[in-house]
Amino acid sequence: MVFVLVGVSLLFIGIGYIVTEDNAKYLLAGYNTMTQEQREAIDLASYLVTFRRFHTFLGSSLGVIGILCWMLLSEQITALFL
């Protein structure tokens, strides 16, 4: 259970760092369907900073709360949390 928990946490954190300005037009939902004029109107650099912070927080909070559930409660509750 701990390996799954750490793996999912690292996956979320990794997603935040995998998406860059170069590959955003292929990976970001909604952004990839915009026209070139619409893409130029978006401040992608600022959006990616927020995107990275969100995914880092999501992955780390999932890991911390999941490990606390696993240590203090049970594996079944941790599985439900995941």
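Keep in mind that this is a model prediction, so the values were computed, not measured.

About the thresholds
- Within any chain, residue numbers begin from 1 and follow the written order of that chain's sequence.
- Restriction of local features to residues with pLDDT of at least 70 applies here, the model being predicted, together with a cutoff of 80 or more for giving and counting side-chain atom pairs; totals for whole chains, interfaces and linings are based on all residues.
- Side-chain metrics rest on all non-hydrogen atoms present in the structure, leaving aside hydrogens and water.
- Numbering of helices and strands runs from the N terminus; a helix is a DSSP stretch of H or I covering at least four residues, while a strand is a stretch of E covering at least two.
- To estimate the expected span of a helix, count its residues, drop one, and scale the result by 1.5 Å.
- Whether a residue is buried, partly exposed or exposed follows from its accessible area with a 1.4 Å probe, protein chains only, as a fraction of its type maximum: under 20%, in between, or over 50%, in that order.
- Here the arc refers to the directions that run from the helix axis out to each C-beta atom.
- Residue contacts are defined here by distance: any two heavy atoms, one from each residue, within 4.5 Å place the two residues in contact.
- For helices, the fitted line uses only the C-alpha atoms of the stretch in contact; every axis is such a line through C-alpha atoms, and the angle between N-to-C directions lies from 0 to 180 degrees.
- With respect to orientation, any angle under 35 degrees is reported as roughly parallel, any angle over 145 as roughly antiparallel, any angle of 65 to 115 as roughly perpendicular, and every other angle as oblique.
- Residues are grouped as follows: nonpolar covers Ala, Val, Leu, Ile, Met, Phe, Trp, Tyr, Cys and Pro; charged covers Asp, Glu, Lys and Arg; every other residue, Gly included, is treated as polar.

K.L.:
Which residues make up helix H1 (residues 2–18), and what are the values?
P.N.:
End to end, H1 covers 24 Å across 17 residues, agreeing with the expected 24 Å (1.5 Å per residue, within 8%). Of the positions making up H1, those classed as buried are Leu 5, Ser 9 and Gly 16. Buried positions in H1, seen along its axis, are confined to an arc of 25° and lie on one side of it. Along H1, the residues that are exposed and aim more than 90 degrees away from the buried face are Phe 3, Leu 10, Leu 11 and Ile 18. Buried residues along H1 sit against helix H4 (44–72).

K.L.:
Residue-level account of the packing of H1 against H4, with values.
P.N.:
Close contact between H1 and H4 brings their axes to 7 Å; oriented N to C, the two are set at 170°. Judged on the interaxial angle alone, H4 and H1 are roughly antiparallel. Here Val 2, Leu 5, Val 8, Ser 9, Phe 12, Ile 13, Ile 15, Gly 16 and Tyr 17 of H1 lie close against H4, whose contacting residues are Phe 51, Arg 52, His 55, Thr 56, Leu 58, Gly 59, Ser 60, Leu 62, Gly 63, Gly 66, Ile 67 and Trp 70. Class assignment of the residues belonging to the contact of H1 with H4 gives a composition of 12 nonpolar, 8 polar and 1 charged.

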